[in-house]
Amino acid sequence: AKADGRNRYRFFDSTLDAAARRRSLIERELALAIAEGKLDINYQPLVDAQTRRVVCAEALVRWNHPTLGAISPGEFIPIAEETGQIGAIGSWVLRRACTQAASWPDHIRIAVNLSSRQFMGPGLLPLVEAALKQSGLPTHRLELEVTESLLMESSIGVEETLQSLSRLGLRIALDDFGTGFSSLSYLRRYHFDKLKIDQSFITDLETNPDSRAIVEAVIRLARDLRMSVAAEGVETKGQFDLLRQLGCGEIQGYLVGRPMQIDGFEAYLQENGDA
Ligand code: C2E
Ligand code: CA
Ligand code: CA
Ligand code: CA
């Protein structure tokens, strides 16, 4: 049993090792990718549940490495947050997304994800103002997505930052709603313009009565608090129809459209009569 234990320990050790090696590889390669402008942005449409017109697009960063292949933002964003590389990535995504969205029809907003590290420093407000000014994007067309973990990690100054962003005239969305520990208390402390119901509640919306009850309650809550509400991860027509019936305002997910490169997204707008 002892030898067994030792073997198992060695096994975990080498697994950790491999993970650590991949991490530091990603860290180094990411620095190069940033410096050489190798990151890209995909745009995923959000449609109005009633009219099915595109009302917004979410900017999702992409990294296609020549030998490692496509690396998911779910993997490299957390690393970039720890190393501080998120600053350069975040400001590039914001500027680029605003610039590309500025040429879209006026009724289409652009949503950009913010990470906690970006939120903490004093640089966010000037960055947002510069991105708006340089792109010419009207402020009301910019939406910033924040998560509860962001609010949790950067408790000092959050209220001030959120308020000054709101005062600029842009919109703040609370992303992944329902997955954190204290979602409701955040709704009382801060003002949000929009709630995005997390994908995990949508996936089993039609089969799990509990998920359905939660989704119904969140939609009602958003309405009562005068926020708009979006559902993410909508993959089936059944989910779409149910969400529309329940009064969900905006729908995002593979059913409506996958994240697309800029050319694909602009063609999508044309085809759907939104451009
Ligand atoms: P998120 O903000 O919750 O973004 C939604 C994720 O769900 C995206 O994954 C999107 O591609 C995926 N998705 C959309 N519709 C569907 C669907 O119908 N089914 C399924 N299964 N998935 C769907 P992605 O692009 O891999 O991004 C993962 C996460 O990485 C994002 O989650 C966000 O937290 C982070 N991220 C992406 N881009 C940025 C960025 O520019 N800045 C920051 N700070 N974070 C980013
Ligand atoms: Ca998001
Ligand atoms: Ca989300
Ligand atoms: Ca998420």
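Here is a short report on the structure shown in this document. Note that this is a predicted model, so its numbers are computed, not measured.

Analysis parameters
- Residues numbered from 1 in each chain as written.
- Chains lettered and ligands numbered in written order.
- Predicted model: local features only at pLDDT ≥ 70, side-chain atom pairs only at ≥ 80, totals over all residues.
- Heavy atoms only, no water.
- Donors = N, O, S within 2.8 Å, 3.2 Å for Na, K, Ca; no water.
- Helix = DSSP H or I, 4+ residues; strand = E, 2+ residues; numbered from the N terminus.
- Buried < 20%, exposed > 50% of the residue type's maximum accessible area, 1.4 Å probe, protein only.
- Polar contact = N/O pair within 3.5 Å; in protein donor to acceptor, adjacent residues only side chain to side chain.
- Contact = heavy atoms within 4.5 Å.
- Phe/Tyr/Trp six-rings, centres within 6.5 Å; stacked < 30°, edge-to-face > 60°.
- Lys NZ or Arg CZ within 6 Å of the ring centre and 35° of its normal.
- Tetrahedral: all angles 85-135°; square planar, octahedral: opposite > 155°, others 65-115°.

1. Brief notes about the coordination of the calcium ion (ligand 4)
- Ligation of the calcium ion (ligand 4) by protein atoms is provided by Asp-176 (OD) and Asp-176 (OD), these donors lying 2.9 to 3.1 Å from the ion.
- Here the calcium ion (ligand 4) and the calcium ion (ligand 3) are spaced 3.6 Å apart, and both take Asp-176 as a donor.
- Following the sequence through the fold, Asp-176 ends up in strand β6 (residues 171-177).

2. Description of the side chain of Arg-141
- Mapped onto the secondary structure, Arg-141 falls in the loop between α5 (124-135) and β5 (142-147).
- Residue Arg-141 is classed as buried on the basis of its relative accessible area, which comes to 2%.
- Polar side-chain contacts of Arg-141 include one of 3.4 Å to the backbone oxygen of Pro-105.
- Apart from residues lying up to four places away in sequence, Arg-141 is in contact with Ala-101, Ala-102, Trp-104, Pro-105, Asp-106, Ile-108, Arg-109 and Ile-110.

3. Some thoughts on the packing of aromatic side chains
- The tally for this structure, following the rule as stated, stands at seven aromatic pairs.
- Between Tyr-43 and Phe-265 the ring centres are 6.0 Å apart and the planes differ by 35°, which places this aromatic pair in the tilted class. Here the residue Tyr-43 occupies a position in strand β1 (residues 39-48), and Phe-265 occupies one in helix α12 (residues 262-271), the gap between them amounting to 222 residues. Across the pair, Phe-265 and Tyr-43 agree in class, each one buried.
- The structure contains a cluster of three or more aromatic residues connected by ring pairs, namely Tyr-43, Trp-104, Phe-265 and Tyr-268.
- Positioned above the aromatic ring of Tyr-254, the side-chain terminus of Arg-258 is 3.8 Å from the ring centre.

4. Things to note about the coordination of the calcium ion (ligand 3)
- Only Asp-175 (OD), Asp-175 (OD), Asp-176 (OD), Glu-232 (OE) and Glu-232 (OE) from the protein reach the calcium ion (ligand 3) as donors, at distances of 2.3 to 3.2 Å.
- Seen from the calcium ion (ligand 3), its six donor atoms lie at angles of 43 to 147°, and the figure they make is irregular.
- The sequence pattern describing where the donors of the calcium ion (ligand 3) fall on their chain is D-D-x55-E.
- In this structure the calcium ion (ligand 2) is found 3.9 Å away from the calcium ion (ligand 3), and Asp-175 serves as a bridging donor for the pair.

Spatial relationships are all this shows, so hold off on functional conclusions.
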